[in-house]
Amino acid sequence: MTADTTPHGDRPLAGRVALVTGSSRRIGRQIVLALADAGADVAVHARSNREEADKTAELVRAKGVRCVVVLGDVAVPGDVERLVGEVAETLGGLDILVNNASVRGKSTIETTSYEDWRRILGITLDGAFLCAKAARPYLVKSGSGRIISIGGASAHMGTPNHMHVMAAKMGLVGLTKALAHDLGPQGVTANIVSPGLIEDEADDPGKAAFRRTLYQVDKMPARRGGRPEEIAAAVVALALPSFGYVTGQTIHVNGGVYMP
């Protein structure tokens, strides 16, 4: 646990250390920025793109908190052990783990190779397991550790031609419930933030239009897509000391397109 875990006004995560996998861009970048705004020291992770990770780290440090960049493949046990250890050593512990790293793909059962299947599940599901396993000693030592994984509404709703992505994201639900049971007695919570349609200025216009049609934006209660900042806000909430009684849950942030 870091030296100071007492909330400080508008920086309630001051003294806490967070690792966000896949955080060099888009939702991951907004999550590290939001955690930094809340006062947490942050580790920015990318598989290999140091340039993008460094850009995000500069934005984080501008908020007056410490930041380290770590590179590695979350599907490789040795990489995960190394990068988690590096974060804990450099920043003085680890209190919050956000499993955001994932990859997408589009294929049918006829066209999905076993290699593609394993690649998607390896990063999204195996990566979350490996990161949680490596982070566990530090999260337990924290006394109020947090594991927050990023799911997806499409996995709950059902979407054509994304069977490997859906299987991986739904696997996170089972993993999270198991972690909640296993680590709850040691003061660690485990939850999922499940985004719906999230739009970003950098999105490809053609793909963005297709996704708006797929999600039937004109019929959903919010009548709009979400912003990466709205997912980040949900992550920060679950990371707060005051959310210690919330565990094993999936928090749907989707504008009402899916209501379990």
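What comes next concerns the included structure.

Definitions and limits used
- Residues numbered from 1 in each chain as written.
- Predicted model: local features only at pLDDT ≥ 70, side-chain atom pairs only at ≥ 80, totals over all residues.
- Heavy atoms only, no water.
- Helix = DSSP H or I, 4+ residues; strand = E, 2+ residues; numbered from the N terminus.
- Buried < 20%, exposed > 50% of the residue type's maximum accessible area, 1.4 Å probe, protein only.
- Contact = heavy atoms within 4.5 Å.
- Lys, Arg positive; Asp, Glu negative; His and termini not counted.
- Charge placed at Lys NZ, Arg CZ, Asp CG, Glu CD.
- Core = buried A, V, L, I, M, F, W, Y, C linked by side-chain atoms within 4.5 Å.
- Salt bridge = Lys/Arg side-chain N within 4 Å of Asp/Glu carboxyl O.
- Axes fitted to C-alpha atoms, helices over the stretch in contact; angles between N-to-C directions.
- Parallel < 35°, antiparallel > 145°, perpendicular 65-115°, else oblique.
- Left-handed = near helix turned anticlockwise from the far one by under 90°.
- Nonpolar A, V, L, I, M, F, W, Y, C, P; charged D, E, K, R; others polar.
- Polar contact = N/O pair within 3.5 Å; in protein donor to acceptor, adjacent residues only side chain to side chain.

Before going further, it helps to examine the overall build of the chain. Helix and strand content of the chain: 8 helices and 7 strands. Relative to its full complement of 260 residues, the chain shows a buried share of 48%. Contacts in the chain between residues far apart in sequence, at least 24 positions, make up 72% of those at least 6 positions apart. Across the chain, the mean location of the 29 positive side-chain charges is 4 Å away from that of the 27 negative side-chain charges.

Soluble globular proteins: nonpolar side chains tend toward being buried together. In terms of nonpolar packing, the biggest core is built from 35 residues, with Leu13, Ile31, Leu35, Val60, Val98 and Val193 touching the most fellow members. Not counting chain neighbours up to four residues away, the residues in contact with Ile31 comprise Val20, Val98, Asn100, Ile150, Ala232 and Val235. Counting residues in hydrophobic clusters, the runner-up holds 32 residues, among them Val17, Ile123, Ala180 and Ile192.

What follows covers the side chain of Asn191. Here Asn191 is to be found in strand E6 (residues 189–195). Look at Asn191 and you get buried, because its relative accessible area is 2%. With residues near it in sequence (within four places) discarded, Asn191 still touches Ile147, Ile148, Ser149, Thr176, Leu238, Val246, Thr247, Gly248 and Gln249.

Let us now look at the pattern of salt bridges. Scanning the model with the defined rule gives 13 salt bridges in all. Asp37 is the partner of Lys63 in a salt bridge, and the nearest nitrogen-oxygen pair spans 2.9 Å. Residue Lys63 is found in the loop between helix H2 (50–61) and strand E3 (67–71), and its partner Asp37 is found in helix H1 (residues 26–37); the two are separated by 26 residues along the sequence. Residue Asp41 pairs with Arg66 through a salt bridge whose shortest N-O separation is 3.0 Å. Placement of the pair is Asp41 in strand E2 (residues 41–46) and Arg66 in the loop between H2 and E3, with a sequence separation of 25 residues. According to the relative accessible area criterion, Asp41 is buried, its value standing at 10%. Here the salt bridges do not stand alone but share partners, grouping Arg29, Glu51, Glu52 and Lys55 into one network.

For the rest of this paragraph, the subject is the packing of H1 against helix H8 (residues 228–239). Taken N-terminus to C-terminus, the directions of H1 and H8 make an angle of 45°; their axes are 8 Å apart at the nearest point. If you check the angle between H1 and H8, you find them oblique. Like other packed secondary-structure pairs, H1 and H8 cross with a definite hand, here right-handed. Of the residues in H8, those touching H1 at Arg26, Ile27, Gln30, Ile31, Ala34 and Leu35 are Pro228, Glu229, Ile231, Ala232, Val235, Val236 and Ala239. Looking at the contact of H1 with H8 residue by residue, the class counts come to 10 nonpolar, 1 polar and 2 charged.

By secondary structure assignment, the location of Gln249 is in the loop between H8 and strand E7 (250–253). The spatial distance from the C-alpha of Gln249 to the C-alpha of Trp117 is 26 Å, given a sequence separation of 132 residues. Not counting chain neighbours up to four residues away, the residues in contact with Gln249 comprise Ala190, Asn191 and Ile192. Here Thr247 takes part through its backbone oxygen, which lies 3.0 Å from a polar atom of the side chain of Gln249.

In this section: the environment of Glu229. Mapping Glu229 onto the fold places it in helix H8. The exposure class of Glu229 is partly exposed, given its relative accessible area of 41%. Between the C-alpha atom of Glu229 and that of Arg119, which follows or precedes it by 110 residues, the distance is 28 Å.

The phi dihedral of Arg26 falls on the positive side, at around 45°, and the residue is not glycine. Within the secondary structure, Arg26 sits in helix H1. Taking the relative accessible area as the measure of exposure, Arg26 reaches 28% and is therefore partly exposed. The backbone phi angle of Gln216 is positive, close to 50°, even though this residue is not glycine. Within the fold, Gln216 resides in the loop between helix H7 (205–214) and H8. The class for Gln216 is partly exposed, based on a relative accessible area of 42%.

Keep in mind these numbers describe shape, not what the thing actually does.
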